[in-house]
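What follows is the residue order along each chain.
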Amino acid sequence: MTSKVKILYFASLREAVGCSGEELELPAGVGTVGALRSHLAARGEGWQALAAGRNVRAALNQKMAAADSSLDGGDEVAFFPPVTGG
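Procedures and definitions
Residues numbered from 1 in each chain as written. Predicted model: local features only at pLDDT ≥ 70, side-chain atom pairs only at ≥ 80, totals over all residues. Heavy atoms only, no water. Phe/Tyr/Trp six-rings, centres within 6.5 Å; stacked < 30°, edge-to-face > 60°. Helix = DSSP H or I, 4+ residues; strand = E, 2+ residues; numbered from the N terminus. Buried < 20%, exposed > 50% of the residue type's maximum accessible area, 1.4 Å probe, protein only. Polar contact = N/O pair within 3.5 Å; in protein donor to acceptor, adjacent residues only side chain to side chain. Contact = heavy atoms within 4.5 Å.

*Asks:* Sorry if this is basic, but what is going on with the packing of aromatic side chains here?
*Replies:* Aromatic rings considered in pairs are described by the distance between their centres and by the relative angle of their planes. Following the criterion strictly, the structure yields 2 aromatic pairs and no others. Arranged with centres 6.5 Å apart and planes meeting at 15°, the rings of Tyr 9 and Phe 79 form a pair that is stacked. Residue Tyr 9 is found in strand E1 (residues 4–9), and its partner Phe 79 is found in strand E5 (residues 76–80); the two are separated by 70 residues along the sequence. Take Tyr 9 and Phe 79: they sit in the same class, and that class is buried. Pairwise contacts between aromatic rings join Tyr 9, Trp 47 and Phe 79 into one cluster.

*Asks:* Looking at this structure, how should I read the side chain of Ser 69?
*Replies:* The topology assignment puts Ser 69 in the loop between strand E4 (63–64) and E5. At 3.0 Å, the side chain of Ser 69 and the backbone oxygen of Ala 66 are in polar contact. Other than its neighbours up to four places away in sequence, Ser 69 contacts Gly 31, Thr 32, Val 33 and Leu 60.

So far we have only geometry, and geometry alone does not tell us how the molecule works.
Dropping the structure here:
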């Protein structure tokens, strides 16, 4: 059983972190969308765009997700800035 998740970064977040996505083995203790976001932000530099207090939305398996949404191996998590209409 794999505990890898696919992570996608969109718009300004993709620019900040320097990639459009990655696969990541979930570290011990990272079992929610919020914990994953904190783990990624701890990488420093551009990853701070995901830090707590930043306005970032998340989707889990293509549905909007809250920080306390549980993660399972094989999930897809997307992070993106809020979208404004125009």
